[in-house]
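The residues making up each chain are set out below.
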Amino acid sequence: MKVLGKAKRIELPFILENDFIVLPVLVNNVVPLRFILDTGAENTVLLEKQVTDLLDISYRRTFEVRGADVDSVLTAYLATGVNLRIANRLLARNRSMLVLEKNYFNFERITGTNIHGILGADFLMRFSVEFDFKKNVVILHEPHKFKPSNRHVEIPATFIRNRPYLELPIRVNAQEETTRKILLDSGAGLTLLLHTFGDSTDVDLPVQTIPAYIADGLGGKLEGSVGRCREVALAGKSLTNVVSYFQPLDTTGLDFLNGREGIIGNRLMKRFNVAIDYVQEKVYFRPEGRSWKAKFRYDRSGIAIVAGGANLRTYTVSNVVKESPAGEAGVQVGDRIVGMNGTSATFLSLGNIIRKLEGKPGKRIRLRLRRQGKYVEVEFRLRDLI
């Protein structure tokens, strides 16, 4: 890898798009793309095969990849000899990457912006990687030069195929906490996800949960429920009432999860300065001011929304919780949001809409919807669902 520019310190400015870390990447000095930085991915992945086809890049092998829904098997190709210019600060020459046959992720639906690939652990593994969410920058340290600050707390961790798994004490609903093996996943735009197993007699779920669309994963839509964990102990701090998703899985054939019991994503990570020393296989968290103790916010409307259309300014309702403000007001799956509180949707980003739907209890929301060629007006007031 070659560092570009005069500064010795490698800083990669990023944009946090709906809680995904997005970096600009120039492929073979020709095609400008946008990649998500993903500590939970083993490999760098290109989602758009037409890019490598256009650049006439050859494929060495064909792979079958297990999907995030556990059951799907997807096709990917190994491309070699690819040059990646990252944030105009780092040139990674002659790289290998996986190229998906189809864009199985559809990240743009949940980020509201174009995403073309994933920078995985194969890119990060030679560095100590520091995530500074206050400045929106990823700092790549040479491992022998990196020293955590006095306020960084080392978190018990194991690394499997260059992916960090934390041992975290979590109290879901029971009075006593249990230590769980949690993947540190900067490629997840959520707070915390825990796996539940149908054949387990120890199902520890919050008292209050609602059905939830979790995310678009590799090869399918992840569905489950959402509630709040009573407590997560992290870096000497006690995080309470943590918004947590619960993904039901069948224990049969889950060896490839490496014993993983869940995932920590960026909505929790961004409350800390996070450093991953890949060479020494250590992970450090440093609480950031008071942000670590801020209340965890969740949607108070009862609807999930995805972005689409040519400019990703078409917002469609993808899920409705029946006993919720929006559900009771008559919002339906497939409705297109064309206006919100008097503002046209063309002037709103997906993040804008989601933040408004996480507003204070009692706040009035007026939606103008397009349904089967007709306009529909609905109104409701936000309230806590979990």
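Everything here concerns the structure above.
Since the structure is predicted, the reported quantities are computational estimates derived from the model, not experimental observations.

Some words on the sheet that holds strand 22 (residues 272-277)
Move 1: Read from one edge to the other, the open sheet built from six strands follows the order 2-12-11-22-23-13, with strand pairing classed as antiparallel. Across the chains shown, the open sheet's two edge strands, defined by having one partner strand only, are strand 2 (10-13) and strand 13 (153-155). Ignoring strand direction, the axes of neighbouring strands in this sheet form an average angle of 20°.
Move 2: When strand 2 meets strand 12 (residues 137-141), the two strands line up antiparallel, connected through four bridges. Residue Pro13 lies in a different strand from strand 12, and its bridge partner there is Val137.

A few points about the nonpolar core
Move 1: With 77 residues, the main nonpolar core has Phe131 and Phe285 as its most contacted residues.
Move 2: Setting aside anything within four residues of it in sequence, one finds Phe131 in contact with Ile21, Leu37, Thr39, Val137, Val138, Ser186, Met269, Phe272, Asn273, Val274 and Ile276.
Move 3: Listed in part, the 21 residues of the second largest apolar core include Ile305, Leu312, Leu350 and Phe380.

Some thoughts on the pairing of strand 26 (residues 336-340)
Move 1: Burial within strand 26 is extensive, with four of its five residues counted as buried.
Move 2: Pairing geometry for strand 25 (residues 314-320) and strand 26, over two bridges, is antiparallel. Note on strand 26: the bridge partner recorded for Thr316 is Arg336.
Move 3: In this structure, strand 26 lies alongside strand 28 (residues 364-371), joined through four bridges in antiparallel fashion. Residue pairing in the sheet places Met340 in a bridge with Leu367 of strand 28.
Move 4: Examined bridge by bridge, strand 26 and strand 27 (residues 343-344) share two bridges and lie antiparallel to one another. Residue Met340 lies in a different strand from strand 27, and its bridge partner there is Thr343.

A few points about a positive patch on the surface
Move 1: Residues Arg297, Arg355, Lys356 and Lys363 make up a contiguous surface patch of positive charge.
Move 2: With respect to the helices, strands and loops of the structure, Lys356 is situated in helix 6 (residues 350-357).
Move 3: For Lys356, a relative accessible area of 35% puts it in the partly exposed group.

Remarks on helix 6
Move 1: Turning to helix 6, its buried residues are Leu350, Gly351, Ile353 and Leu357. Along helix 6, the residues classed as buried sweep out an arc of 160° about the axis, all on the same side.
Move 2: The elements touched by buried residues of helix 6 are helix 2 (107-111), strand 24 (303-308), strand 25, strand 26 and strand 28.

Details of the environment of Leu367
Move 1: Position of Leu367 relative to the elements: it lies in strand 28.
Move 2: Judged by its relative accessible area of 1%, Leu367 is buried.
Move 3: Separated by 36 residues in sequence, Leu367 and Val331 have C-alpha atoms that sit 9.1 Å apart.
Move 4: Apart from the residues lying within four places of it in its own chain, the contact partners of Leu367 are Ile303, Ile337, Gly339, Met340, Val376, Glu377, Val378 and Phe380.

Conventions we followed
- Residues numbered from 1 in each chain as written.
- Predicted model: local features only at pLDDT ≥ 70, side-chain atom pairs only at ≥ 80, totals over all residues.
- Heavy atoms only, no water.
- Pairing = 2+ DSSP bridges.
- Helix = DSSP H or I, 4+ residues; strand = E, 2+ residues; numbered from the N terminus.
- Axes fitted to C-alpha atoms, helices over the stretch in contact; angles between N-to-C directions.
- Core = buried A, V, L, I, M, F, W, Y, C linked by side-chain atoms within 4.5 Å.
- Buried < 20%, exposed > 50% of the residue type's maximum accessible area, 1.4 Å probe, protein only.
- Contact = heavy atoms within 4.5 Å.
- Patch = residues over 30% accessible without salt bridge, like charges linked within 9 Å, V, L, I, M, F, W, Y side chains within 5 Å.
- Areas by Shrake-Rupley, 256 points an atom, 1.4 Å probe, with all protein chains shown as cover.
- Salt bridge = Lys/Arg side-chain N within 4 Å of Asp/Glu carboxyl O.
- Lys, Arg positive; Asp, Glu negative; His and termini not counted.
- Charge placed at Lys NZ, Arg CZ, Asp CG, Glu CD.
- Arc of directions from axis to C-beta.

In short, geometric facts, not functional conclusions.
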